[in-house]
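Residue-level structural notes
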Amino acid sequence: MMDLLLGGPDRLAPYLMLAAALFALGVFACVTRRNPVGYLMGIELMLNAANLDMVAYGRFRSETAAANAQVGSLFVIALAAAEAAVALALVYAIFQNLRDVDLDKIRSLNGEEP
Amino acid sequence: MNVATLIFWPLVAITLVGAAGAAFARNLVYAALSLGASLAGIAGLYFFLQAEYIAVIQMIVYVGGILILILFGVMFSRDIQGTSSQSSWSAKLLGGLASLAALVSLGKLSWTISQKEGLGLLATRSPTSSWVGQISSSSTTHLGDLLMGPFLVPFLVIAVLLTVVLIAALGLVRKDAP
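Along each chain, the written sequence defines residue order, and numbers are assigned to residues from 1. Ligands are numbered from 1 and chains lettered from A, in the order in which they are written. Under the rules for a predicted model, residues below a pLDDT of 70 receive no local features and side-chain atom pairs below 80 are neither given nor counted, while totals for whole chains, interfaces and linings still include all residues.

**Focus: the overall build of chain A**
How we decide: Here a strand is any run of E in DSSP of at least two residues, a helix any run of H or I of at least four, and the numbering for each starts at the N terminus. With the radius of gyration taken over C-alpha atoms, the globule rule is written as 2.2 Å times the number of residues to the power 0.38. Here the C-beta atoms are placed from the backbone, and a residue counts as buried if at least 20 other C-beta atoms lie within 10 Å of its own, exposed if 12 or fewer do, and partly exposed otherwise.
Secondary structure summary: chain A contains four helices and zero strands in total. The helix and strand sequence of chain A, counted from the amino end, reads α-α-α-α. In terms of C-alpha radius of gyration, chain A reaches 19 Å, well past the compact-globule figure of 13 Å for 114 residues. Looking at chain A residue by residue over its 114 residues, the buried ones come to 50%.

**Some points on the nonpolar core**
The cut-off we apply is this: Among buried residues, those of type Ala, Val, Leu, Ile, Met, Phe, Trp, Tyr and Cys that are joined through C-beta atoms within 7 Å form a set called a nonpolar core.
Counting residues in each nonpolar core, the largest one holds 66 residues, and the members touching the most others are M41(A) and Y46(B). When contributions to this core are tallied by element, the ones reaching two or more residues are α2 (13-32), α3 (36-59) and α4 (63-98) of chain A together with α1 (3-24), α2 (28-48), α3 (52-74) and α4 (89-115) of chain B.

**A look at α2(A)**
For the record, the criterion: The span you would expect from a helix comes to 1.5 Å times its residue count less one.
With 20 residues, α2(A) extends 29 Å between its outermost C-alpha atoms, agreeing within 8% with the 28 Å of an ideal straight helix rising 1.5 Å per residue. Among the 20 residues of α2(A), 19 are classified as buried, and the element is accordingly described as predominantly covered.

**Things to note about unusual backbone geometry**
In this structure, Q50(B) takes a positive phi of about 55° despite not being glycine. Take Q50(B): it is sitting in the loop between α2 and α3.

**So, the interface of chain A and chain B**
Threshold: Each residue is represented by a C-beta atom placed from its backbone, and any two residues with such atoms within 7 Å are regarded as in contact.
Tallying the contact residues gives 64 residues for chain A and 78 residues for chain B. Of all the secondary structure elements, the ones that give two or more residues to the side of chain A that touches chain B are α1 (2-6), α2, α3 and α4 of chain A. Broken down by element, the side of chain A that touches chain B gets its largest block of residues, 21 residues, from α4(A).

Structure below.
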């Protein structure tokens, strides 16, 4: 019955709908998580939703568009890897200094005692 | 209903449920593991989109690399089970509203565009050829040609950026960091 609503794997609609849902879940994780690692998971979800959208659009457009979209998504994956490495390094640096990584409790730059 | 459809919808379900787990699970380890399931499901969907190379790279970089990094990062948390550090109701309400806005706007946009599929805005090419068995052998070759041709400069910039990022990450975690 899902086929009647959205079409199967050879239609554009299910990919776009799935990407929209993934993006919304990523936004929710970003706003509600108090741990920076959970926050990072939300960002990864949003990046993946954008990638899926891009590749799906290219696939249903033309051969050239499909190849260009795949190159673009490769770049996004590389940037996501770099971003995750820097984020984890920051988490480790904060943990070394403050012994806790709760985003709501990191206020030492605000003039409060850690 | 053919075999492709029978594989496709469970993949979509795994991706959705995994993403929901990553967003809602209290225990951070469970959240990271269900994020891994979601990322693997997306890799499977790339096969349906005839992007085999991207699918393999997704498995290697995301499931093999970033997920492990995240699991390491979870260990720095004092409260992995999430028993005491729950976000406030206002944060949850705000998150729900923001994600609802994103879902409604993106969903409406996606629906409108995908309804125009047949009107020539998006030419659906060979709608019956998206079965996994028909791997387009030229796709990866074409990708390499593009990376070494018109996309050479961005490719080099990404390479330099990755080097800089690795050195910067090492500098951040040095014991005698400034």
